[in-house]
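Examination of the molecular architecture
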Amino acid sequence: MLNQFLNRCSTPSLLFSRTFSSTLFVKGVSFSSTEETLAQAFSQYGQVLRVDIMMDKFKRRPKGIAYVTFSSTEEAEKALLELNGRLVDGRVVILDTAKVAKQNQPDSKPKQTGGDS
């Protein structure tokens, strides 16, 4: 059945394509990891621009997840392929591409102002 669908689709490669971001989502981060230790571990795959470790604001400790941003999507993809499932700071990390947030997209309807002219 899937083959029938793919045969009808003019570009089947686009069906399963995934947009790639230069930011990786990292799960399984050690609670002892810091931005510096993660940057050092990931920098062997490219230039790390930013590391954000998510913190639990109530417990005041890391949640075990982080975002690592590279200077290019190629570097992020290389890190994803090479580092996924490997040990970083004594824990196995699972990597995925970060979802790109839609920013400032225009609404389909224009906003109305207070008065009619």
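A short tour of the structure in this document, coming up. Counting from 1, residues in each chain are numbered in the order their sequence is written. With the structure being a predicted model, the display of local features is reserved for residues of pLDDT at least 70 and the display and counting of side-chain atom pairs for 80 or more, all residues being used for whole-chain, interface and lining totals. Side-chain numbers here rest on the full set of heavy atoms in the structure, without hydrogens or water.

1. Things to note about the nonpolar core
Test applied: Take the buried Ala, Val, Leu, Ile, Met, Phe, Trp, Tyr and Cys residues and link them wherever side-chain atoms come within 4.5 Å; each set so joined is a nonpolar core. Under the scheme applied here, a residue whose accessible area is under 20% of the maximum for its type counts as buried, over 50% as exposed, and between as partly exposed, the area being computed with a 1.4 Å probe on protein chains only. The secondary structure listing takes helices from DSSP runs of H or I that are at least 4 residues long and strands from runs of E that are at least 2 residues long, numbered from the N terminus. Contacts are assigned to residue pairs with any non-hydrogen atoms lying within 4.5 Å of each other.
Judged by nonpolar contacts, the single largest core of 19 residues is most densely connected at Leu24, Val26, Leu38, Phe42, Phe70 and Leu95. For this core, the elements supplying multiple residues, two or more each, are β1 (23-27), α3 (35-42), β2 (48-56), β3 (61-70) and α4 (73-83). Ranked by residue count, the leading element in this core is α4, at four residues. Other than its neighbours up to four places away in sequence, Phe70 contacts Ser22, Leu24, Phe42, Tyr45, Gly46, Gln47, Val48, Leu49, Glu75, Ala76 and Ala79.

2. Topic: the pattern of salt bridges
The test is simple: What makes a salt bridge here is a side-chain nitrogen of Lys or Arg within 4 Å of a carboxyl oxygen of Asp or Glu, nothing more.
Scanning all chains against the criterion turns up one salt bridge. Of the charged contacts, one joins Arg50 and Asp52 as a salt bridge, the two residues approaching to 2.8 Å between their closest N and O atoms. When its relative accessible area of 23% is taken as the criterion, Asp52 is described as partly exposed.

3. Thoughts on α4
Condition: Our arc is simply the arc of the directions from the helix axis toward the C-beta atoms.
Buried within α4 we find Ala76, Ala79, Leu80 and Leu83. Along α4, the residues classed as buried sweep out an arc of 100° about the axis, all on the same side. More than 90 degrees from the buried face of α4, the exposed residues found are Glu74 and Leu81. The inward-facing, buried residues of α4 contact β1, α3, β3, β4 (87-88) and β6 (94-97). Just downstream of α4 lies Gly85, where phi reads positive at about 85°.

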